[in-house]
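If you want the building blocks of each chain, they are given just below.
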Amino acid sequence: MILARVVGTVVSTQKRPQFEGAKLLLVQPETPQGEAKGTTLLAIDSVGAGVSERVIVVLEGRAAGEALGKKLAPVDAAIVGIVDQLEFVE
Amino acid sequence: MILARVVGTVVSTQKRPQFEGAKLLLVQPETPQGEAKGTTLLAIDSVGAGVSERVIVVLEGRAAGEALGKKLAPVDAAIVGIVDQLEFVE
Amino acid sequence: MILARVVGTVVSTQKRPQFEGAKLLLVQPETPQGEAKGTTLLAIDSVGAGVSERVIVVLEGRAAGEALGKKLAPVDAAIVGIVDQLEFVE
Amino acid sequence: MILARVVGTVVSTQKRPQFEGAKLLLVQPETPQGEAKGTTLLAIDSVGAGVSERVIVVLEGRAAGEALGKKLAPVDAAIVGIVDQLEFVE
Amino acid sequence: MILARVVGTVVSTQKRPQFEGAKLLLVQPETPQGEAKGTTLLAIDSVGAGVSERVIVVLEGRAAGEALGKKLAPVDAAIVGIVDQLEFVE
């Protein structure tokens, strides 16, 4: 899983039917210190995350489909937790 | 999933039989701001996307096969939505 | 699998139910010589690893779910071993 | 999938039995314009590709195993099409 | 699959039980010309490879588990062949 911050939302009407009702969020991967690092991704939200929150993102289709509650859904990333606290020892 | 723009098409006649009838598009990954970033990929289209449209691409074989409607198809990327609107908070 | 060092912990209360009871650790990928390299990741601990220990991390959902003992868990990385000894021939 | 060019062959006698009879080719990922980009990979050929041909490579174990006709084969990349024509709009 | 060279061994006593008896080798990805490129990885050996040998490494959990002979093992990389001969056309 990776640390990321929710940085936006995406609306798509012409899409695969399994996405109906799914919340699609833009997430920016971050270092433990909170610096943006790497490419912005699209993830299915499964825990009620909102813009600017720090989250845990799982990057894998099977796992993301599980988070969406649709095992066969065509997804590859999902927000699976909101970060409350992070302890980092450099 | 990633944001990308459709930038071309590919024709292949000598190919795996499961690709018959599948539309294969060249997609260029993009940042939320619309700048090209990373390597151009080939994705199966499952939503009727056309050249120059901004799309959502899923990167995973199981998910892509699902989008193609052939679970065992030898694919690893599929266009699963067309982006209508994107809100990005930096 | 990759070599990594445990560099912290993450607490998340709003999360997928399958994470209940799972220990989520921050791991920093390392070279065989022990230099940090690449992005810090979040991994499920399945072997009792602690901060500052050198570990083996598996990067794949199916494998990580297996390590967690929940095949359908939405995870993509797990600590599967603690490194006792490493012989490196450059 | 990615665009690549076949740049060589590899012979291995001490190998997993499922590789018996499989043609293993070196493929160099390319941009749509035909420039080499990224690391040379090894892919199973499933469409009769030859050295110097431009091909479509699928990067995923399940999909590659399907291309090889052995679902449980230990492979992660396969050539699934030969490129006849490519239209690229920058 | 990728080309790599075996550059070391790793010993781990506190590990997932499925690793019992598995030989865990450090492998350095290489270009066809034999130059090191990219991050050193840990791979399960399934073909009797030794330090300094040039090998073929499969990078995927399902495939690696197959190579280990334990489909559900928490592994993501395996040595599946020893390179005897390589022909490379630049």
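In short, a report on the structure. (Residues numbered from 1 in each chain as written. Chains lettered and ligands numbered in written order. Predicted model: local features only at pLDDT ≥ 70, side-chain atom pairs only at ≥ 80, totals over all residues. Heavy atoms only, no water.)

1. Side note on the overall build of chain A
Then step 1. Looking only at helices and strands, chain A has one helix and six strands in total.
Then step 2. Element order for chain A, N to C, with α for helix and β for strand: β-β-β-β-α-β-β.
Then step 3. Relative to the 2.2 N^0.38 estimate, which gives 12 Å for 90 residues, the radius of gyration of chain A is 13 Å and therefore close to what a compact globule would have.
Then step 4. A burial count over chain A gives 61% of its 90 residues as buried.
Then step 5. When contacts within chain A are restricted to residue pairs at least 6 apart in sequence, long-range pairs at least 24 apart make up 54% of them.
Then step 6. Accessible surface, chain A as shown: approximately 3,400 Å² in total, 51% of it carbon and sulfur.
Then step 7. Considering chain A, the positive charge centre built from 9 side chains and the negative charge centre built from 11 side chains are found 8 Å apart. (Helix = DSSP H or I, 4+ residues; strand = E, 2+ residues; numbered from the N terminus. Rg over C-alpha atoms; globule rule 2.2 N^0.38 Å. Buried < 20%, exposed > 50% of the residue type's maximum accessible area, 1.4 Å probe, protein only. Contact = heavy atoms within 4.5 Å. Areas by Shrake-Rupley, 256 points an atom, 1.4 Å probe, with all protein chains shown as cover. Lys, Arg positive; Asp, Glu negative; His and termini not counted. Charge placed at Lys NZ, Arg CZ, Asp CG, Glu CD.)

2. As for unusual backbone geometry
Then step 1. Its identity is not glycine, yet Ser52(A) carries a phi of approximately 85°, on the positive side.
Then step 2. For Ser52(A), the location among the structural elements is in the loop between strand S3 (41–45) and strand S4 (54–59).

3. Observations regarding the interface of chain B and chain A
Then step 1. On the side of chain A, 32 residues touch chain B, which itself brings 28 residues to the contact.
Then step 2. Summing both sides of the interface, chain B and chain A together bury roughly 2,400 Å²; the carbon and sulfur share of this comes to 54%.
Then step 3. Where chain B packs against chain A, one counts zero salt bridges.
Then step 4. Along the contact surface separating chain B from chain A lie twelve residue pairs in polar contact (both at pLDDT 80 or more).
Then step 5. Looking at side-chain class alone, the side of chain B that touches chain A contains 17 nonpolar, four polar and seven charged residues.
Then step 6. Bridge count between strand S1 (residues 2–11) of chain A and strand S6 (residues 85–88) of chain B: four bridges; the pairing is antiparallel. Across the sheet, residue Gly8(A) finds its bridge partner in S6(B), namely Phe88(B). (Buried area = accessible area lost by both parts, 1.4 Å probe. Salt bridge = Lys/Arg side-chain N within 4 Å of Asp/Glu carboxyl O. Polar contact = N/O pair within 3.5 Å; in protein donor to acceptor, adjacent residues only side chain to side chain. Nonpolar A, V, L, I, M, F, W, Y, C, P; charged D, E, K, R; others polar. Pairing = 2+ DSSP bridges.)

4. Considerations on the relation of the copies chain B and chain A
Then step 1. Mapping chain B onto chain A is achieved by rotating through 72° and translating by 0.0 Å along the same axis, at an RMSD of 0.0 Å. Taken together, the rotation angle and the small translation identify this as a five-fold axis.
Then step 2. Interface overlap between copies is the fraction of interface residues in one copy that are interface residues in the other; for chain B against chain A it is only 11%, indicating separate surfaces. (Least-squares fit on C-alpha atoms with pLDDT ≥ 70 in both.)

5. A look at the pairing of strand S1 (residues 2–11) of chain D
All names here are of chain D.
Then step 1. Counting buried residues in S1 gives seven out of ten residues, a clear majority hidden from the surface.
Then step 2. As paired strands, S1 and strand S4 (residues 54–59) are joined by four bridges and run antiparallel to one another. What sits directly across from Ile2, in S4, is Val57.
Then step 3. The sheet contact formed by S1 and strand S2 (residues 24–29) spans five bridges and is antiparallel. Following the sheet pairing, Val6 is matched in S2 by Val27.

6. Here's the deal with helix H1 (residues 61–68) of chain E
The periodicity of an α-helix, 3.6 residues per turn, causes residues three or four positions apart to be oriented the same way.
Then step 1. By the criterion of burial, H1(E) is predominantly enclosed, with eight of the eight residues buried.
Then step 2. All of the buried residues in H1(E) are Gly61(E), Arg62(E), Ala63(E), Ala64(E), Gly65(E), Glu66(E), Ala67(E) and Leu68(E).
Then step 3. Looking at the buried residues of H1(E), the elements they touch are helix H1 (61–68) of chain C, helix H1 (61–68) of chain D together with strand S3 (41–45), strand S4 (54–59) and strand S5 (77–82) of chain E.

7. Quick word on the nonpolar core
Then step 1. Grouped together as the largest cluster of nonpolar side chains are 100 residues, with contacts concentrated most on Met1(A), Met1(B), Met1(C), Met1(D) and Met1(E).
Then step 2. Other than its neighbours up to four places away in sequence, Met1(B) contacts Phe19(A), Leu24(A), Leu41(A), Leu42(A), Ala43(A), Ile44(A), Val75(A), Asp76(A), Ala77(A), Ile56(B), Val57(B) and Val58(B). (Core = buried A, V, L, I, M, F, W, Y, C linked by side-chain atoms within 4.5 Å.)

8. Details of the interface of chain D and chain B
Then step 1. Contact residues are listed per partner, giving 28 residues for chain D and 32 residues for chain B.
Then step 2. For the pair chain D and chain B, the summed buried surface comes to about 2,400 Å²; carbon and sulfur atoms form 54% of the total.
Then step 3. Looking only at chain D, the three residues that lose the most surface to chain B are Met1(D), Arg62(D) and Glu66(D), adding up to 29% of its buried area.
Then step 4. Where chain D touches chain B, the interface holds zero salt bridges.
Then step 5. Here chain D is connected to chain B by 13 residue pairs in polar contact (both at pLDDT 80 or more).
Then step 6. Among the elements of the structure, S1, S4, H1, strand S5 (77–82) and strand S6 (85–88) of chain D are those that each provide at least two residues to the side of chain D that touches chain B.
Then step 7. Its residues assigned to classes, the side of chain D that touches chain B shows 17 nonpolar, four polar and seven charged.

9. Side note on the pattern of salt bridges
Residues and elements named next belong to chain A.
Then step 1. One pass over the structure, following the stated rule, counts 15 salt bridges over all chains.
Then step 2. The residue Glu30 makes a salt bridge to Arg5 at a minimum N-O spacing of 2.7 Å. Here Glu30, found in the loop between strand S2 (24–29) and S3, pairs with Arg5, found in strand S1; they are 25 residues apart in sequence, far enough to count as distant.
Then step 3. Judged by relative accessible area, which is 28%, Arg5 ranks as partly exposed.

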